[in-house]
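# Summary of the model geometry
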Amino acid sequence: NLANEECTQFKTCSSTGDSLTGEAFVNSEILDNFRGGQAKIMNRDCEGAKVLKDSIASLMTIPLIQGTLRYAHLLWDAEDYWEPYGGQAAAFAHSILPLVHECDKDAATLIHENLRVQNNPNVDFVAVKRALERNYACLKVTCSQVGGIYNEFSNGQYLENAEPCTEFFGKVTMDVDDDQKVMAVGLGIAIGVLAVLAIMVCIIRRAAERKILLKRQTLDVEGYEEKDPVLVTKSEIL
């Protein structure tokens, strides 16, 4: 899944969160919190369950932050703008922009201007990274949880300007309610899903129109004029 893919790029796999292989640390933490939450609910400790629910909501944002950073770096490092990278960067960025905006409107604007869908070869990765990092505390994640973009071809080195930050970067600008956090993440994902569905509907509709046109073209023209109009039914199309 996404978290397992990103942890191999940010060296945040395994139960210790400092490996390039294994289950993503964030997944292990989320599962632990789910188990803990179940126990709290069974013991009728609603307040304790809410604390763990809030923790899960924060942990869910980590792979989205990592994806935003990774594709921002790919765009920054590329000689020319490459559309697949641009699309991925925009998708990841817009999944977390509502949360960042609640913390820091200026940071959200900077990220949006750099990573929105556009033919922009001048992405400022360093600015995007710092805009996210200074809001980690508000987002309730840490530098060590996010990690840095690891250079798999080096011996223990991170990519240029992509090292993990230190915790003093995370300044609290405002406390984001975790119910709003879940809603914002869900909204970002829902927008992406709706866009894909709209494209699929358009493709299916065009295919159906082409099929109807082809069926009409194969009818005998003289017979078509003498007989009653031929109706192409839905079952014939399918």
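Basis of the calculations
- Residues numbered from 1 in each chain as written.
- Predicted model: local features only at pLDDT ≥ 70, side-chain atom pairs only at ≥ 80, totals over all residues.
- Heavy atoms only, no water.
- Core = buried A, V, L, I, M, F, W, Y, C linked by side-chain atoms within 4.5 Å.
- Buried < 20%, exposed > 50% of the residue type's maximum accessible area, 1.4 Å probe, protein only.
- Helix = DSSP H or I, 4+ residues; strand = E, 2+ residues; numbered from the N terminus.
- Contact = heavy atoms within 4.5 Å.
- Disulfide = S-S within 2.5 Å.

Burial of nonpolar side chains together is a common tendency in soluble globular proteins. Ranked by internal contacts, the top residues of the largest apolar core, which has 42 residues, are Ile65, Leu69, Ile111, Leu115, Leu132 and Tyr136. Here this core gets 8 residues from one element, more than from any other, and that element is helix α5 (residues 83–103). For Ile65, the residues in contact, after removing those within four places along its chain, are Ile96, Leu132, Tyr136, Leu139, Val141 and Val146.

Across all of its chains, the model carries 3 disulfides by this definition. With its sulfur 1.9 Å from that of its partner, Cys7 forms a disulfide with Cys13. On the sign convention where negative means left-handed, the S-S torsion of about 90 degrees between Cys7 and Cys13 marks this disulfide as right-handed. For the pair Cys7 and Cys13, one class covers both residues: buried. Across the disulfide from Cys143 sits Cys165; the S-S distance is 1.9 Å. The S-S bond linking Cys143 to Cys165 shows a torsion near -100 degrees; that makes this disulfide left-handed. Residue Cys143 is found in helix α9 (residues 143–146), and its partner Cys165 is found in the loop between α9 and α10 (178–217); the two are separated by 22 residues along the sequence. Cysteine pairing for the protein chain (bonded cysteines numbered in sequence order): 1-2, 3-4, 5-6.

Next up on the list: the environment of Gly86. In this fold, Gly86 is placed in helix α5. Note: C-alpha distance between Gly86 and Gln118 (32 residues apart in sequence) is 7.4 Å.

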